[in-house]
Amino acid sequence: MSNPAAEVLVTLARRYVRAAPGSWGKATLAERYLNPWLRDHPRLRATQTRFGARFALDTQDLIQRYLYLFGVWEPDMTHWLERRLCPGDVFVDVGANIGVFSVLGSRLVGDTGRVIAIEASPTFHRRVLQHAELNGCKNIRAVNAAVSDERKMLRFILASSNNMGANSIVPYDGPAESTFDIEAVPLAEVLQPDEVARARVIKIDVEGAEGGVIRGLAPLLDELRPDVEIAVEITPDRMEQLGDSAEELLEIMRKHGFHTYWLPTDYSAGTYPHAIRRPAAPVRWREPITGETELVFSRIDAAALS
């Protein structure tokens, strides 16, 4: 049963977190109250992001809830992409989810650029198309496919609708909320020659399957433009369950002349108000990868990527 008074308070508190100047109390409000409330009392809303795009959201899901609450998903990644992508560039979004970064990239690369939004989930692929149309993004080429190092059928498993972006091919012993099968292909077979030649940023977020994606991308690495940068969310424990390793991935990138940078990423709601005000830049990383980590690979040799 809904609580009208609580709903009004949540609406006012969300407005404060999103729009009020300063950051007093926002972290606690978001972490302790708003995030769990919006998860357990889902709202279906059309909402505008901080970069001006509109998305149709269900706050039961983590990514969509943060977009509704904060107007942004992954503030540090958003800030980095805004500094990287320019008109005429190509942006490849592997694991596009509902299209947040694809729509952002579409705005940044402009009419002369292109975004390739690759998403394995048929449901999310339809959401990418929906959000591209909602925002008038005619430069997005949406592809419903999985990406790996060879052609093969893969089964994706979703454990919970509270984080629908966690669709993964990693084996899962618990009760599955949904599954689907889809053919995987190497990224070299998805991208057109012009897209390979013009790719400025390739972003890979595939919930443990990043080893296969990078092996499939390896034949293209020397064909990419010199200033290309590749962002990969690495999850070592999930990779190991698929027989892959973060060390192998890092070695492939090193062999092709890429240096490794760490982009701070924290998915706790309480960290978002600070990250929005002061987004971090990728810094050089030379340590082993022991937990979920957002890495940026660049041919720039520096202490940090400005």
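One can find the structure itself at the top, above this paragraph.
My aim in this report is to walk through the structure given alongside it, one point at a time. Model, not experiment: these values are computed from the prediction.

## What to know about helix H4 (residues 75–84)
Three or four residues apart is the spacing at which side chains of an α-helix point the same way, because the helix has 3.6 residues per turn.
Working step 1: With seven of its ten residues buried, H4 lies for the most part within the structure.
Working step 2: For H4, the complete set of buried residues consists of Pro-75, Asp-76, Met-77, Thr-78, Trp-80, Leu-81 and Arg-84.

## Considering the packing of helix H9 (residues 210–217) against helix H11 (residues 246–255)
Working step 1: It is at 10 Å that the axes of H9 and H11 come closest, and there the two elements cross at 20 degrees. Judged by the inter-axis angle, H9 sits roughly parallel to H11. Classified by chirality, the crossing of H11 by H9 is left-handed. Across the interface between the two elements, Glu-210, Gly-211, Ile-214 and Arg-215 from H9 touch Glu-248, Leu-249, Ile-252 and Met-253 from H11.
Working step 2: Looking at side-chain class alone, the contact of H9 with H11 contains four nonpolar, one polar and three charged residues.

## Describing the sheet that holds strand S4 (residues 114–119)
Working step 1: Strand order in the open sheet formed by eight strands is S5-S4-S3-S9-S10-S13-S11-S12, and the pairing between neighbours is mixed. Since the sheet does not close on itself, it has two edges, and those belong to strand S5 (140–144) and strand S12 (283–284), each with one partner.
Working step 2: Of the pairings in the sheet, the one linking strand S9 (residues 199–204) to strand S10 (residues 229–234) comprises four bridges and is parallel in character. Within the sheet, the bridge partner assigned to Lys-203 lies in S10 and is Ala-231.
Working step 3: Sitting on the sheet, helix H5 (residues 100–109) is in contact with strand S3 (90–94), S4, S5 and S9, with an inclination near 170 degrees to S4.
Working step 4: Contacts from helix H6 (residues 122–134) reach S4 and S5 within the one sheet, and its direction differs from that of S5 by about 165 degrees.

## Focus on the packing of helix H1 (residues 4–19) against helix H3 (residues 62–70)
Working step 1: Viewed as axis vectors pointing N to C, H1 and H3 meet at an angle of 80 degrees, and their least axial separation amounts to 8 Å. As the angle between them shows, H1 and H3 are arranged roughly perpendicular. For the pair H1 and H3, the contacting residues are Arg-14, Val-17 and Arg-18 in the first and Leu-67, Tyr-68, Leu-69 and Phe-70 in the second.
Working step 2: Its residues assigned to classes, the contact of H1 with H3 shows five nonpolar, no polar and two charged.

## Observations regarding H3
Working step 1: Most of H3 is tucked away, with nine of its nine residues classed as buried.
Working step 2: Residues of H3 that are buried: Leu-62, Ile-63, Gln-64, Arg-65, Tyr-66, Leu-67, Tyr-68, Leu-69 and Phe-70.
Working step 3: Of the residues one or two after H3, Gly-71 is the one with positive phi, at around 80 degrees.

## Side note on the environment of Arg-155
Working step 1: Tracing the chain through its elements places Arg-155 in strand S7 (residues 152–158).
Working step 2: Residues contacting Arg-155, with those up to four places away along its chain left out, are Ser-168, Ile-169, Thr-179, Phe-180 and Asp-181.
Working step 3: Polar side-chain contacts of Arg-155 include one of 2.8 Å to the side chain of Asp-181.

Rules used throughout
- Counting starts from 1 at the beginning of each chain's written sequence and moves along it residue by residue.
- Per-residue local features are limited, in this predicted model, to residues with pLDDT of at least 70; the limit for side-chain atom pairs, both in listing and counting, is 80 or more; totals at the level of whole chains, interfaces and linings are taken over all residues.
- By convention in this description, side-chain values take in all heavy atoms of the structure and omit both hydrogens and water.
- Whether a residue is buried, partly exposed or exposed follows from its accessible area with a 1.4 Å probe, protein chains only, as a fraction of its type maximum: under 20%, in between, or over 50%, in that order.
- Numbering of helices and strands runs from the N terminus, with a helix taken as a DSSP run of H or I at least four residues long and a strand as a DSSP run of E at least two residues long.
- For helices, the axis comes from a line fit to the C-alpha atoms of the stretch in contact; other axes are also lines fit to C-alpha atoms, and the angle between any two N-to-C directions lies between 0 and 180 degrees.
- In this scheme, roughly parallel covers angles under 35 degrees and roughly antiparallel covers those over 145, while 65 to 115 is roughly perpendicular and the rest are oblique.
- Note on convention: the crossing is left-handed when the near helix lies turned anticlockwise from the far helix by less than a right angle, right-handed when the turn is clockwise.
- Contacts between residues were defined by any pair of non-hydrogen atoms, one from each residue, lying within 4.5 Å.
- By the convention adopted, Pro, Cys, Tyr, Trp, Phe, Met, Ile, Leu, Val and Ala count as nonpolar, Lys, Arg, Asp and Glu as charged, and the other residues, Gly among them, as polar.
- A pair of strands is considered paired only if DSSP assigns at least 2 bridges between the two.
- Two N or O atoms form a polar contact when they lie within 3.5 Å of each other; inside protein one atom must be a possible hydrogen donor and the other a possible acceptor, and for residues adjacent in sequence the pair counts only when both atoms belong to side chains.

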